[in-house]
Every structure is written in structure tokens, then in C-alpha cells.
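Here is what each chain is made of, one letter per residue.
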There are 2 protein chains.
Amino acid sequence: MSTIKDVAKEAKVSIATVSLVVHKHNRISAETSKRVNKAIKKLNYHPSRSGRRLVSQKTGNIGFILTDDHFLRSEPFYTRIFLGTEFEARNYEYYILLTTIPSNYDVKDHPPRFILEKNVDGVIIAGKVPVSIISQIEKYNLPIAFVDFYPPSNEYPVVLIDNISGGMAATQFLIKKNHKNIGFIAGDIGHPSIYDRFRGYKMAMDYAGLDFSELNYIVDENYTARENGYNAVKKLLEINNDITAIFACNDAMAIGVVQFLNEKGISIPNDISVIGFDDVEADLSLDPPLSSVRVPKYEMGIEVMKLMADLLKNKDATKKKILVSVELIDRGSVMDLTLKIPMPA
Amino acid sequence: MSTIKDVAKEAKVSIATVSLVVHKHNRISAETSKRVNKAIKKLNYHPSRSGRRLVSQKTGNIGFILTDDHFLRSEPFYTRIFLGTEFEARNYEYYILLTTIPSNYDVKDHPPRFILEKNVDGVIIAGKVPVSIISQIEKYNLPIAFVDFYPPSNEYPVVLIDNISGGMAATQFLIKKNHKNIGFIAGDIGHPSIYDRFRGYKMAMDYAGLDFSELNYIVDENYTARENGYNAVKKLLEINNDITAIFACNDAMAIGVVQFLNEKGISIPNDISVIGFDDVEADLSLDPPLSSVRVPKYEMGIEVMKLMADLLKNKDATKKKILVSVELIDRGSVMDLTLKIPMPA
DNA sequence: GTGAAAGCGCTAACAT
DNA sequence: ATGTTAGCGCTTTCAC
């Protein structure tokens, strides 16, 4: 491995000059610059991170934290976000240190090692994490940015899904196809993202003048896994069998819904239409393919890295909130009721 | 952040002494040691990585490379391996730098940045990767270890699944339940892991004296995705409808098999038994749940990290090959034919 | 058993 | 426009 000294010798300049050339300072003559760059190429020189770090008192690393639950989700949701972050980090010459924490992280637990050892310049937190870890990290006085999680205070830059618009879009899509009895299936409606999707749903219903009693149209489970979707739709149809369409707050639950309906021989979309949220379809190839609201996961990862870079450059950077927009993807799990020929009673 | 100087001042010793205490050198008196350790605690001192790295000429990082295809697989297979590696790395005070490469990586592409910048002490390669990247990395003269991939040469330590035993176990499980017409479904049988599973299958068939012609029992697709499983079983049943059990070379394909059989109204396990390989999460939510061969993914990650640590400590470490053993998990997708009441013809 | 000092590769303030 | 030099935090050799 060649060092700055080797380059200096090769180009017959001082190491300071080499450093200046590397950093593209404009007070170096074009000629010297060229000579130095030639030497750099020839020796395949890459500045040592360690040297740089020592003098700059920066690590060049960003920590990326999420719960193991989220990391191991069978749909590549957070992994896609991570990929976006890792990709964007390259543009800023940062490295990402990925670590998971237990989803039941406790105040007594140690924060991730890279924080203890101050081996990161900032921390990105992806998805819902226990509040205890946030207060832990705050003690270390590190810049923090969030993605897909409402931070506990307004102090932090954050990238969020535009859940309200998404919830509205999904619902309006159903309404446009002439559905009036639209059920909503939630998993922990207290979770901000879920609640916003619900708000979107409600707003769309209100705008369309569709009056409904929540008791008969909404089922809330305490988690958003497949089995919860399965149970939720079961309950929903017990309390209300005029339902013609179901909006599940995420695809995992929607998959449970589909499973239940398939089992009962209820045809999708002929008997009941289903729409989800997240668009994990592309990764799962479901049967039938599920209409959903696409969330730009990769882009979210990019955006949060940008916010972090901003924050690192300028400690007083506005604590920006970014709402990434979503897009409805129709794959045929919703029927247009205006086209349906009524069955004889 | 406190430095070694602060600790030295606090404990009224030289920085050299602090360093020796930190490294548990035994030529320091117990008393001094105690005083220094107290100061370390008091100041919450953690040695700076950057300082250490500079002098040791080591980065303290290990690169972890896999293709984006693999990282984004909907079943958390490689993510679990990564988690094991990351966890074990903590014991050796290493950090893991995770990066993906395109699955169509080409000689013209740049190797991962952490290699160019020499920001890792070694590289772990997980799963099948294009050979071109291996030869690229070899140029940088970095220690390499593999997990779940047959390296192109014997020079490397590697952690592999005991696919032959697994293939035998799955097949023998079927045989014990009195199946004789057992189909094998592969995706790229040229892939060493798949081929070994196939060898296990064949050996078990041979041992049991079950003669069969490959043409009628094996279908090979060129990939192991769900749709390939779907297509494979379709073909298989066209050429041979005496099949009572199907051994799919991995769960992804098995899921495709289940999908096809469900669609055709062929009952599992009453009409046809199915067994897979890998034991991925998705099996559980499958209907019916899939019997499979469990692969200890997390442990594989741990093992490969151990090999890497070995290699780093002792450049001439034996190039160990570790075969991790697998375990049959029965979830009821296999029927015991001895219990089956024959239908009247 | 402990300390002084050199030096790892780099940046930046200062000198020329 | 370019060079000299101090110093970032640490480890390690060599004195004492």
C-alpha cells in the first residue's frame, strides 16, 4: 500500500502538496497537480482512512440501527432502505455500520458497540425502536436521523412515508370502482404510520360522503403480521357481511386476508376486493397478485443518508422532515363494481 | 471523549503504562493496574480506534460481500448469516462492513470501495458470487473466507451446509414413510449445493434399493425461485403420475410446488407429500406448513467469522472447511403411506 | 515495573 | 505556489 510519502517522492513535491491536490485546493498550479495526479495513478494511491480519521477526529462511519425483527422481516423492506443508504453513503465517502438491536431492548442493555467506542459520526435509526435506546444514544451527543419512524421529539431530521396520502389514494381507488362498504384492517392503530393510513382512509370516506360506523368497518389487531390479517378479516366478516372491499394497512396483513378468503372459497376480486400497502409484491409473487400502495424504500434510504450528510456538515441544519410520496399499483385484486353483473337473488 | 493522556494524568502514570494496562500486560504491578483501571472507569475511556488503527496498520473491519439478489431474498437466509457474523465479530472487536454487488458483476466493475481503500483486514463472501469479483479481490491480497459457496480454489477457509446428509435425511424420511416414487425437483443442478442435495437423494434411493430412472423422477429448472418450482412440478407430473412424494431442493421451489398442487386441487399430504430444504420463515405461513431440512444460518455466520479471525491471527492457518449439520423438521406436509387406507379403484 | 520517545499517515496552520 | 512542521491517539522499543 502506498502512502502519501511515496506519492510525494514520486512526484517530487512535499506531502503537503499531495494532500492539497487530493483535496482539490485551487492554489496548486495545474502543472504540479497533473504531476501529482499521475503519481497517484501510478502508485494506485488511496489516502489511508486511519490517518485521515486521526487528524480529522471523524470516523467516516455512520451507524445504522434497526431491530432484529425488522431486519429479518420476510419482505425486504428495511433491507431495501439499508441498501439505499449504503449506496448514497458512497457519494459522501461514508461507510455504514449496520447493527440490529433486540426489539425488546431495555435501558439496562448496552447501546451498540460503535456508539460506546465512538466509532461513528452519526446514527440512522430505521423503523420503530424502543424509546429506551433513543435516550441512550442521546447521551452520546451524536447526530441522529430517522427513517420510517416518528422520532420522540421534533429535534431530528426524518424521512417518512406519506401515509395519509397513501391511505387516501387506496381508499379513493376503491371508491372510484364503486365500492361503498369498505373495511379497514389495522395492526396496532396507535402506531403513527398505521394511524395515518387510517386517517387517509377516513378522510376519503368522508369526502365521498360515505357514512359508516367505525365499529362495523374497522378491526384493529395488535400487530401487523400475516396471522393478524387472517384473524382480522375473520372478525370483520363476522360483524359485517356487506363488505365488498378491504383495505389492509400493510401487505403482510393483506396476505393474511388473502389466505383467509382463499380458504373460505371467497373469490378475490369477484366476491371481495383487497388492497394492501407497502408493495412487497414484487418480491413475493403472490396469488392472486395484490394491488397495493408502493413505498419507495430504496429512495427513503437515500434520502435519510442525505439528511445525515447535511447534519454532519452543518450541525444547525434545519431539522428537515421529508415525506416520500407513494403510488398506487393496480394488480387486479380490486373489482370494478360498476361492471359487475348482479346475481339473481 | 477522553484520551489515553487523560487517563494517564488521572492515574498519574505515563501513557505507555495505560496502554500496557489496557492490553493486560503482566509486567505492570497490580497496584498500578488497579489505579489505571479506576481512572479508565471514571473517565469512561475507550481507546480510539483511529489511533490504534494507524499504529497497528489494521483497520479492525471485515468486509461482508454478497449479491444484491441474495440480500434481497424474501426469506431471511443471508440476512441471518450476516447477523451471526456481526454478532461473533463483537467478540473479536471487529466491525463488519456489509456491501452488496450486482449479481451480474463484471470484470469492468470496481470492487467494493472498502477494498479499494484498504478499509478492511479481510473479506467474507457469502453465497454464490460471480467469479470475476473473486479474482479481483485476490489481487488485493486480502484474506478471504467463504460461507455457503464453494470457492474456486482449495486455498480458502469455508463454511458449507452439509447438503449431502441433508438430501439423504429428507429422502430417507420419505422412504421411512413408505414412499417409493419420490420425485426430485432441482434448480440449476450444476450448482454444487444443489448437486449435493441431489447426491444425498440418490444415495438414499440406492441404499433403499429403490431403482428408478432419472428421466422419470428428476426435473431440473435453471433457477430455484418459486415459479421454477411451480413449473417443475407441472412437468414432473406430466411425465410421471405415480409420484407420491416430492423432494424440492429448496423451500422457494417447494413453495412453488405447493402453489401448483393447491391450484390443481391436489391435496398435500393426502395425495402428494412435499418436503423442502432450508427451513425458511415462509414455511410457517404456508398452507399446509412445509416439512423441511433446517439449515443453521445464524451459526454459519458465526463459524465463518471464527475462521476469519483465525486466518487474521495466523496467516498460515489451516484452510479449514466446516460442514454445518442440518436437521429434519417435520411439519406435516408428508404423509405416512403405511397408514393410508387405499381407495377403491 | 515504569517512562520517554519514535512513528504510523494524514491535515492544516504557518512559513517561505 | 509550495514546503515545513506540529500533532491527532495510540503502540512499542528501548532506557532506566
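Cut-off values and rules
- Residues numbered from 1 in each chain as written.
- Chains lettered and ligands numbered in written order.
- Predicted model: local features only at pLDDT ≥ 70, side-chain atom pairs only at ≥ 80, totals over all residues.
- Helix = DSSP H or I, 4+ residues; strand = E, 2+ residues; numbered from the N terminus.
- Rg over C-alpha atoms; globule rule 2.2 N^0.38 Å.
- Buried ≥ 20, exposed ≤ 12 C-beta atoms within 10 Å, placed from the backbone.
- Contact = placed C-beta atoms within 7 Å.
- Axes fitted to C-alpha atoms, helices over the stretch in contact; angles between N-to-C directions.
- Parallel < 35°, antiparallel > 145°, perpendicular 65-115°, else oblique.
- Left-handed = near helix turned anticlockwise from the far one by under 90°.
- Near = placed C-beta within 6 Å.
- Nonpolar A, V, L, I, M, F, W, Y, C, P; charged D, E, K, R; others polar.
- Pairing = 2+ DSSP bridges.
- Right-handed = clockwise from strand over helix to strand, strands pointing away.
- Domains from an automatic or database assignment.
- Least-squares fit on C-alpha atoms with pLDDT ≥ 70 in both.
- Core = buried A, V, L, I, M, F, W, Y, C linked by C-beta atoms within 7 Å.
- Arc of directions from axis to C-beta.

(A) Layout of the overall build of chain A. Each helix and strand in chain A was counted, giving 15 helices and twelve strands. Taken over C-alpha atoms, the radius of gyration comes to 26 Å for chain A, far larger than the 20 Å a tight globule of 345 residues would show. Overall, the C-alpha framework of chain A stretches about 95 × 45 × 35 Å when taken along its three principal axes. Expressed as a percentage of its 345 residues, the buried residues of chain A come to 47%. Looking at chain A alone, contacts between residues at least 24 apart form 73% of all its contacts between residues at least 6 apart.

(B) Spatial organisation of the packing of helix α12 (residues 226–239) of chain A against helix α13 (residues 251–263) of chain A. Residue and element names in this part refer to chain A. Interhelical geometry of α12 versus α13 gives an angle of 55° and a closest axis separation of 6 Å. By the angle between their directions, the pair α12 and α13 is classed as oblique. By crossing handedness, the relation of α12 to α13 is classed as right-handed. Between α12, through Arg226, Glu227, Asn228, Gly229, Tyr230, Ala232, Val233 and Lys234, and α13, the contact on the second element is made entirely by Ala252, Met253, Ala254, Ile255, Gly256, Val257, Gln259, Phe260 and Leu261.

(C) Spatial organisation of the protein's contact with DNA strand C. Looking at DNA strand C, there are 24 residues lining it, with Ile4, Ser48 and Gly51 of chain A together with Ser14 and Ala16 of chain B nearest. Taken together, the elements giving at least two residues each to the surface near DNA strand C come down to α2 (15–22) and α4 (49–56) of chain A together with α2 (15–22) and α4 (49–56) of chain B. In terms of residue count, α4 of chain A provides more of the surface near DNA strand C than any other element does, five residues in total. Across the surface near DNA strand C, the residue classes tally to 13 nonpolar, nine polar and two charged.

(D) Up close: the pairing of strand β3 (residues 122–126) of chain B. All names here are of chain B. For β3, the buried fraction is high: five of the five residues fall into the buried class. In terms of strand pairing, β3 meets strand β4 (residues 144–147) through four bridges, oriented parallel. Each residue of the ladder has a partner; that of isoleucine 125, found in β4, is phenylalanine 146. One crossover worth recording links β3 to the parallel β4 by way of helix α8 (residues 131–139), and it is right-handed.

(E) Layout of the protein's contact with DNA strand D. Near DNA strand D lie 25 residues; those nearest to it are Val13 and Ala16 of chain A together with Ile4, Ser48 and Gly51 of chain B. Contributing elements (two or more residues each) for the surface near DNA strand D: α2 and α4 of chain A together with α2 and α4 of chain B.

(F) Representation of the interface of chain B and chain A within the structure. Counting residues at the interface gives 37 residues for chain B, matched by 36 residues for chain A. Going through the elements one at a time, α4, α5 (68–71), α6 (78–91), β2 (95–101), α7 (113–116), α12 (226–239) and α14 (282–285) of chain B are the ones with two or more residues in the side of chain B that touches chain A. Here the residues of the side of chain B that touches chain A sort into twelve nonpolar, eleven polar and 14 charged.

(G) Up close: the packing of helix α1 (residues 4–11) of chain A against α2 of chain A. Residues and elements named next belong to chain A. Viewed as axis vectors pointing N to C, α1 and α2 meet at an angle of 100°, and their least axial separation amounts to 8 Å. One way to sum up the angle between α1 and α2 is to call them roughly perpendicular. When α1 is examined against α2, the residues Ile4, Lys5, Val7, Ala8 and Ala11 are found in contact with a partner set consisting of Ile15, Val18 and Ser19. When its residues are assigned to classes, the contact of α1 with α2 shows six nonpolar, one polar and one charged.

(H) Expanded view of the domain arrangement of chain A. Residue and element names in this part refer to chain A. Entries for chain A in the domain assignment read domain 1 (4–56), domain 2 (61–156 + 298–324) and domain 3 (163–291 + 330–340). One C-alpha centre belongs to domain 2, the other to domain 3, and the line joining them spans 31 Å. The residue inventory of the side of domain 2 that touches domain 3, partitioned by class, reads three nonpolar, no polar and two charged.

(I) Local environment of the relation of the copies chain B and chain A. Overlay of chain B on chain A (RMSD 0.2 Å): rotation 180°, translation along the axis 0.1 Å. Within this description, the copies of the chain are treated as partners about a two-fold rotation axis.

(J) Molecular detail of the sheet that holds β4 of chain B. All names here are of chain B. Taken together, the six strands give an open sheet; going across it, the order is β2-β1-β3-β4-β5-β11, and neighbouring strands pair in parallel fashion. On the outer flanks of this sheet lie β2 and β11 (321–324), each paired with one strand and no other. Across the sheet, the mean angle from the axis of one strand to that of its neighbour is 20°, orientation sign disregarded. For β4 and strand β5 (residues 158–161), the ladder comprises two bridges, and the chain directions are parallel.

(K) Looking closely at the nonpolar core. Counting 184 residues, the largest nonpolar core has Ile185 and Val257 of chain A together with Ile185 and Val257 of chain B as its most contacted members. Contacts of valine 257 of chain B, omitting those with residues within four sequence positions, involve Ile185, Gly229, Val233, Ile246, Ala248 and Val274 of chain B.

(L) Structural view of the sheet that holds strand β7 (residues 218–221) of chain B. Residues and elements named next belong to chain B. The four strands are arranged β7-β6-β8-β9 in an open sheet whose pairing can be described as parallel. Each edge of the open sheet carries a strand with a single partner, namely β7 and β9 (273–275). Strand-to-strand, the axes of this sheet are offset by a mean angle of 15°, without reference to chain direction. Relative to strand β8 (residues 245–248), strand β6 (residues 182–187) is paired through four bridges, and the arrangement is parallel. Looking at β8, one finds that phenylalanine 184 is bridged to phenylalanine 247. The sheet contacts of helix α10 (residues 192–207) involve β6 and β8, and relative to β6 the element is tilted by about 170°.

(M) Summary view of α4 of chain A. Within the span of α4 of chain A, buried status applies to Arg49, Ser50 and Arg53 of chain A. On an axial view of α4 of chain A, the arc spanned by its buried residues comes to 95°, and they lie on one face. Opposite the buried face of α4 of chain A, at more than 90 degrees from it, the exposed residues are Val55 and Ser56 of chain A. Packing partners of the buried residues in α4 of chain A comprise α4 of chain B. At the C-terminal side of α4 of chain A, glutamine 57 of chain A shows a positive phi close to 60°.

(N) Quick peek at the environment of arginine 73 of chain A. Of note, arginine 73 of chain A is situated in the loop between α5 (68–71) and α6 (78–91). Separated by 179 residues in sequence, arginine 73 of chain A and alanine 252 of chain A have C-alpha atoms that sit 9.9 Å apart.

(O) Structural context of the environment of proline 130 of chain A. Within the secondary structure layout, proline 130 of chain A lies in the loop between β3 (122–126) and α8 (131–139). Using a count of 17 C-beta atoms within 10 Å as the deciding quantity, one classes proline 130 of chain A as partly exposed.

(P) Molecular detail of the environment of glutamate 10 of chain B. All names here are of chain B. Turning to its location among the elements, glutamate 10 is positioned in helix α1 (residues 4–11). Glutamate 10 sits 25 residues away from arginine 35 along the chain, and the two C-alpha atoms are 9.0 Å apart. Leave out the neighbours within four places in its chain, and glutamate 10 touches Ala39, Lys42 and Leu43.

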